Amino acid sequence: MIGLDTNVLIRYLTKDDEAQWQQARQIIESGQRCFIANIVLCEIVWVLKGEAYQYTKQDILKTLELMLSCESFEFENRSAFYQALQRTKQGNADFSDYLIGAIAIQSGASHTTTFDRKLKNEKGFNCLS
């Protein structure tokens, strides 16, 4: 198994640089398992919605779903990733917020405390005023 950095995945997902896309494709499609850390998932979302790519929320969710279904990828916490993805589809907060909450609950926390108003009334979060 090898770990993948965000930039390799961005090249693979966007195909915005042909030479780097070919290198990323070779690695990802080689049959070797590719480890993706939680922080890499958050960075992917951040990069794709940024100025350079301007992906919509729907485009990002579709990309994350495709990644989740890819057999080459091994995720740091597949269950938390899945939960965060589902909550992002339905909620107003960012993917990273839902991932933080899912990891906290799985680690034994009763809830995640935040100042983020987007998480007010969200299950598993305590929003401070």
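Look up: the structure comes first, before these words.
Predicted, not measured: the structure shown is a model, and the values here were computed from it. (Residues numbered from 1 in each chain as written. Predicted model: local features only at pLDDT ≥ 70, side-chain atom pairs only at ≥ 80, totals over all residues. Heavy atoms only, no water.)

Undergrad: For this particular structure, what's the right way to read the nonpolar core?
TA: Side chains of nonpolar character tend, in soluble globular proteins, to be buried together. Counting residues in each nonpolar core, the largest one holds 31 residues, and the members touching the most others are Leu 9, Ile 36, Leu 64, Met 67, Phe 73, Phe 75 and Phe 95. For this core, the secondary-structure elements that each account for two or more residues are helix 1 (6-14), strand 2 (34-36), helix 3 (38-49), helix 4 (57-69), strand 3 (73-75), helix 5 (78-90) and helix 6 (95-106). At six residues, helix 3 tops the list of elements feeding residues into this core. Contacts of Phe 75, omitting those with residues within four sequence positions, involve Phe 35, Ile 36, Leu 41, Met 67, Leu 68 and Phe 81. (Core = buried A, V, L, I, M, F, W, Y, C linked by side-chain atoms within 4.5 Å. Buried < 20%, exposed > 50% of the residue type's maximum accessible area, 1.4 Å probe, protein only. Helix = DSSP H or I, 4+ residues; strand = E, 2+ residues; numbered from the N terminus. Contact = heavy atoms within 4.5 Å.)

Undergrad: Sorry, what's going on with the environment of Phe 95 here?
TA: Along the polypeptide, Phe 95 turns up in helix 6. Judged by relative accessible area, which is 3%, Phe 95 ranks as buried. Not counting residues up to four positions away in its chain, the partners in contact with Phe 95 are Leu 41, Cys 42, Val 45, Leu 64, Phe 81, Ala 84, Leu 85 and Thr 88.

Undergrad: What am I meant to see in the packing of helix 5 against helix 6 here?
TA: Helix-helix packing is characterised by the crossing angle of the two axes and by the distance between the axes. The N-to-C vectors of helix 5 and helix 6 enclose an angle of 135°; their axes lie 8 Å apart at closest approach. With respect to their mutual orientation, helix 5 and helix 6 come out oblique. The handedness of the crossing between helix 5 and helix 6 comes out as right-handed. Between helix 5 and helix 6, the contacting residues are Ser 79, Ala 80, Phe 81, Gln 83, Ala 84, Leu 85, Arg 87 and Thr 88 on the first element and Phe 95, Tyr 98, Leu 99, Ala 102, Ile 103 and Gln 106 on the second. Among the residues making up the contact of helix 5 with helix 6, the classes are represented as nine nonpolar, four polar and one charged. (Axes fitted to C-alpha atoms, helices over the stretch in contact; angles between N-to-C directions. Parallel < 35°, antiparallel > 145°, perpendicular 65-115°, else oblique. Left-handed = near helix turned anticlockwise from the far one by under 90°. Nonpolar A, V, L, I, M, F, W, Y, C, P; charged D, E, K, R; others polar.)

Undergrad: I'm lost on the packing of aromatic side chains in this one. Help?
TA: Aromatic rings in a pair are described by how distant their centres are and how their planes are angled relative to each other. Summed over the entire model, instances satisfying the criterion amount to five aromatic pairs. With a centroid separation of 6.3 Å and 80° between ring planes, the pair formed by Tyr 98 and Phe 125 is classed as edge-to-face. Here Phe 125 lies in strand 5 (residues 125-127) and Tyr 98 lies in helix 6, a separation of 27 residues in the sequence. As far as the burial class goes, Tyr 98 and Phe 125 line up, both buried. Taking NZ or CZ as reference, Lys 15 lies 4.1 Å from the ring centre of Trp 21, over its face. (Phe/Tyr/Trp six-rings, centres within 6.5 Å; stacked < 30°, edge-to-face > 60°. Lys NZ or Arg CZ within 6 Å of the ring centre and 35° of its normal.)

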